[in-house]
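Each chain is listed here by its residues.
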Amino acid sequence: EVTAVGKTCGGLIGIVDSTVDIDQCYASNNVNGKTNVGGLVGRMNENESVNLTIANSYYNGTITSTEDSGIAGGVISNTFSESSLTVKNSYIASEITSETKYALASNGTITDSYFDENLMGITTPTDQARATSIMYKESNYPWDFDTIWIIDEGIHYPKLRAIIENAEIEEPTI
């Protein structure tokens, strides 16, 4: 459980203010804060030298922004046009409670990344939204299931092979 006393928090990182690459990571904790609350990253600073790449990663927990004008996002809550965000081959299976919520991110380059529309309660952007039953199917993802991902087809979301290979796949209770 991550609970911020201040305004910004994320399941892995609160604020990105330089170049950061996140690859093959996940968080399944609950993330709670006033605003700028993200499943993996809280927010990026407004600066052209701030670059964040998230690849082959996922979040499944709950995200709660408690401020009346709060912002929350599945991958990251808030990005700025001056900073650079790339999200690829990642997914979010999360409930988000917030005044303003973004399925994956407010802007950036998002490729082959998806969110569970049944848990999130939103269906846009439509190219990223998937029903839970679809997210349980390997055919939904144009990803590397030989070396990076593993899926218990029809039963669970994909998991990172490096973390759970030969382990029993369990879904957290949300």
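Residues numbered from 1 in each chain as written. Predicted model: local features only at pLDDT ≥ 70, side-chain atom pairs only at ≥ 80, totals over all residues. Heavy atoms only, no water.

## Observations regarding the environment of Gly 61
Just so we agree on the cut-off: Numbered from the N terminus, helices here are DSSP runs of H or I no shorter than four residues, and strands are runs of E no shorter than two. Each residue gets one of three labels from its accessible area relative to the maximum for its type: buried under 20%, exposed over 50%, partly exposed in between, using a 1.4 Å probe on protein chains only.
Mapped onto the elements, Gly 61 comes out in the loop between strand E10 (58–59) and strand E11 (62–65). Here Gly 61 falls in the buried class, since its relative accessible area comes to 3%. The spacing of Gly 61 and Asn 30 is 31 residues in sequence and 5.0 Å in space, taken between C-alpha atoms.

## Considerations on the packing of aromatic side chains
Worth spelling out the cut-off: Between 30 and 60 degrees the pair is tilted, below 30 it is stacked and above 60 it is edge-to-face, where a pair is any two Phe, Tyr or Trp rings, Trp via its six-membered ring, whose centres lie within 6.5 Å.
Per the counting criterion, the structure on display carries 13 aromatic pairs. Ring geometry for Tyr 58 against Tyr 91: centres 5.0 Å apart, planes inclined by 5°, an arrangement best described as stacked. One end of the pair, Tyr 58, is in strand E10; the other, Tyr 91, is in strand E15 (residues 91–92), with 33 residues separating them in the sequence. We classify Tyr 58 as buried; its relative accessible area is 4%. Members of the aromatic cluster, joined through ring pairs, are Tyr 26, Tyr 58, Tyr 91, Tyr 114, Tyr 136, Tyr 141, Trp 143, Phe 145, Trp 149 and Tyr 157.

## Some words on the sheet that holds E11
Put simply, the rule is: At least two bridges found by DSSP between two strands are what make those strands a pair.
One open sheet accounts for 4 strands, arranged E1-E6-E11-E16; its pairing is parallel. Each having just a single partner strand, strand E1 (2–3) and strand E16 (95–97) make up the two edges of the open sheet.

## Looking at the state of the cysteines
Which entries qualify depends on this criterion: Cysteine sulfur atoms are paired as a disulfide whenever they fall within 2.5 Å.
Applying the stated criterion across every chain yields a total of 0 disulfides. The thiol of Cys 25 is unpaired, and the distance to the nearest cysteine sulfur, on Cys 9, comes to 18 Å.

## Overview of the environment of Gly 14
What counts here: Note on contacts: a residue pair qualifies if any of its non-hydrogen atoms lie within 4.5 Å across the two residues.
Among the secondary structure elements, Gly 14 is positioned in strand E3 (residues 13–16). Taking the C-alpha atoms as reference, Gly 14 lies 5.6 Å from Val 41; in sequence the two are 27 residues apart. Among all residues touching Gly 14, those that are not within four sequence positions of it are Thr 8, Cys 9, Val 41, Gly 42 and Arg 43.

## Quick notes on the sheet that holds strand E13 (residues 76–78)
For clarity, the cut-off: Here, axes are lines fitted to C-alpha atoms. For helices the fit covers the stretch in contact, and angles between N-to-C directions go from 0 to 180 degrees.
Read from one edge to the other, the open sheet built from 3 strands follows the order E3-E8-E13, with strand pairing classed as parallel. Each end of this open sheet is capped by a strand with a single partner; those strands are E3 and E13. Ignoring which end each strand starts from, the neighbouring axes of this sheet average 25° apart. The pairing of strand E8 (residues 41–44) with E13 spans 2 bridges and is parallel. Looking across to E13, one finds that Val 41 is bridged to Ile 76.

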